[in-house]
Amino acid sequence: MTGRQISDLYRRYMAADTAYREHAAACAACTTTTPGPDCQAGARLYESFSSLQAAYLHQQ
């Protein structure tokens with residue numbers, strides 16, 4: 001991966017983190033570390049974040 005691709009991956013990873021944290025702050029079911037068991041939106045956002053985090057860390 002080039003530096004530019006890693007930077008894009010990092011940007012997407014951080015955007016996913018922000019999106020999940022903003023959701024968790026407004027959602028009674030989700031916490032900042034775990035989506036609520038019945039919250040589909042939280043689960044989707046958290047999965048996106050964790051997948052991007054794994055991909056980014058794999059490139060390190």
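Values in this document were obtained by computation on a predicted structure and should not be read as measured data.

Conventions and cut-offs
- Residues numbered from 1 in each chain as written.
- Predicted model: local features only at pLDDT ≥ 70, side-chain atom pairs only at ≥ 80, totals over all residues.
- Heavy atoms only, no water.
- Helix = DSSP H or I, 4+ residues; strand = E, 2+ residues; numbered from the N terminus.
- Buried < 20%, exposed > 50% of the residue type's maximum accessible area, 1.4 Å probe, protein only.
- Contact = heavy atoms within 4.5 Å.
- Areas by Shrake-Rupley, 256 points an atom, 1.4 Å probe, with all protein chains shown as cover.
- Lys, Arg positive; Asp, Glu negative; His and termini not counted.
- Charge placed at Lys NZ, Arg CZ, Asp CG, Glu CD.
- Phe/Tyr/Trp six-rings, centres within 6.5 Å; stacked < 30°, edge-to-face > 60°.
- Expected span 1.5 Å × (residues − 1).
- Arc of directions from axis to C-beta.

## Re the overall build of the protein
The helix and strand tally for the protein stands at two helices and zero strands. When burial is assessed residue by residue, the protein has 27% of its 60 residues classed as buried. By sequence separation, contacts in the protein at least 24 residues apart represent 43% of the contacts at least 6 residues apart. If you sum the accessible surface of the protein, you get close to 4200 Å²; carbon and sulfur atoms cover 53% of it. Of the side chains in the protein, 5 bear a positive and 5 a negative charge, and the two mean positions are spaced by 9 Å.

## A closer look at the packing of aromatic side chains
Summed over all chains, the structure comprises six aromatic pairs. Plain terms: the ring middles of Tyr-10 and Tyr-13 are 6.1 Å apart, the flat faces sit at 80° to each other, and that makes the pair edge-to-face. Within this pair, Tyr-10 and its partner Tyr-13 are both found in helix α1 (residues 3–26), separated by three residues, close to a single helical turn. What makes Tyr-13 buried here is its relative accessible area of 10%. Among the aromatic residues, ring-to-ring pairing joins Tyr-10, Tyr-13, Tyr-20, Tyr-46, Phe-49 and Tyr-56 into one connected group.

## Some thoughts on helix α2 (residues 40–59)
Count 3.6 residues to each turn of an α-helix, and residues three or four apart come out pointing the same way. With 20 residues, α2 should reach 28 Å at 1.5 Å per residue; the first-to-last C-alpha distance of 29 Å fits that figure. Considered for burial, the residues of α2 that qualify are Gly-42, Leu-45, Phe-49, Leu-52 and Tyr-56. Projected onto a plane normal to the axis of α2, the buried residues spread over an arc of 110° and lie on a single side. For α2, the exposed residues set more than 90 degrees away from the buried face come down to Gln-40, Arg-44 and His-58.

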